[in-house]
Amino acid sequence: EEKQKMERKAVQEMCAKIPGVGEEILALWEEFEAGETPEARHVQDCDKFEMVLQASEYEENQGMQLPDFYRTTAGIFKTPFVSPPW
């Protein structure tokens, strides 16, 4: 909750400094956060998938296995584009 408040405040402050498009960027960010549109859910899934890719690269570069991490991502994807199997 506190992290979300801080993040929201930071986004609002950044957007306030961008004349002309700041309001649109803020509206899109809020849409993303709410996750109520198909586009927002897709971008949320892409964000989570990028985290999975980072873990995969970490495994490869460090010679480690992170099975617990991958188990925690099971069932979190909401759109078919990034849903397993992959």
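The structure under discussion appears in the preceding block.
Notes on the structure follow. (Residues numbered from 1 in each chain as written. Predicted model: local features only at pLDDT ≥ 70, side-chain atom pairs only at ≥ 80, totals over all residues. Heavy atoms only, no water.)

1. A few points about the overall build of the chain
Consideration 1: The secondary structure content of the chain amounts to four helices and zero strands.
Consideration 2: Along the chain direction, N to C, the helices and strands of the chain fall in the order α-α-α-α.
Consideration 3: Taken over C-alpha atoms, the radius of gyration comes to 16 Å for the chain, far larger than the 12 Å a tight globule of 86 residues would show.
Consideration 4: C-alpha extents for the chain along the principal axes are approximately 45 × 30 × 25 Å.
Consideration 5: Within the span of the chain, comprising 86 residues, buried residues form 19% of the whole.
Consideration 6: Contacts in the chain between residues far apart in sequence, at least 24 positions, make up 34% of those at least 6 positions apart.
Consideration 7: Here the chain displays about 6700 Å² of accessible surface, and carbon together with sulfur accounts for 57% of that area. (Helix = DSSP H or I, 4+ residues; strand = E, 2+ residues; numbered from the N terminus. Rg over C-alpha atoms; globule rule 2.2 N^0.38 Å. Buried < 20%, exposed > 50% of the residue type's maximum accessible area, 1.4 Å probe, protein only. Contact = heavy atoms within 4.5 Å. Areas by Shrake-Rupley, 256 points an atom, 1.4 Å probe, with all protein chains shown as cover.)

2. Considering the packing of aromatic side chains
How two aromatic rings sit relative to each other is given by the distance of their centres and the angle of their planes.
Consideration 1: Summed over the entire model, instances satisfying the criterion amount to one aromatic pair.
Consideration 2: Pairing phenylalanine 69 with tyrosine 70 gives two aromatic rings, centres 5.5 Å apart and planes at 80 degrees, and the pair type is edge-to-face. (Phe/Tyr/Trp six-rings, centres within 6.5 Å; stacked < 30°, edge-to-face > 60°.)

3. Side note on a negative patch on the surface
Consideration 1: Together, Asp47, Glu50, Glu57 and Glu60 make up a negatively charged patch on the protein surface.
Consideration 2: Among the secondary structure elements, aspartate 47 is positioned in helix α3 (residues 38–62). (Patch = residues over 30% accessible without salt bridge, like charges linked within 9 Å, V, L, I, M, F, W, Y side chains within 5 Å. Salt bridge = Lys/Arg side-chain N within 4 Å of Asp/Glu carboxyl O. Lys, Arg positive; Asp, Glu negative; His and termini not counted. Charge placed at Lys NZ, Arg CZ, Asp CG, Glu CD.)

4. As for the environment of isoleucine 76
Consideration 1: Among the secondary structure elements, isoleucine 76 is positioned in the segment after α4 (67–72).
Consideration 2: Isoleucine 76 has contacts with Asp45 and Lys48, leaving out every residue within four places of it along the chain.

5. Digging into the packing of helix α2 (residues 22–34) against α3
Consideration 1: Relative orientation of the contacting elements α2 and α3 amounts to 75 degrees, with a least axis distance of 8 Å. Relative to α3, the element α2 lies roughly perpendicular. Residues Glu31, Phe32, Glu33 and Ala34 of α2 lie in contact with α3, whose contacting residues are Glu39, Ala40, Val43, Gln44 and Asp47.
Consideration 2: Along the lines of polarity and charge, the residues of the contact of α2 with α3 split into four nonpolar, one polar and four charged. (Axes fitted to C-alpha atoms, helices over the stretch in contact; angles between N-to-C directions. Parallel < 35°, antiparallel > 145°, perpendicular 65-115°, else oblique. Nonpolar A, V, L, I, M, F, W, Y, C, P; charged D, E, K, R; others polar.)

No statement about biological role is implied by the geometric values presented.
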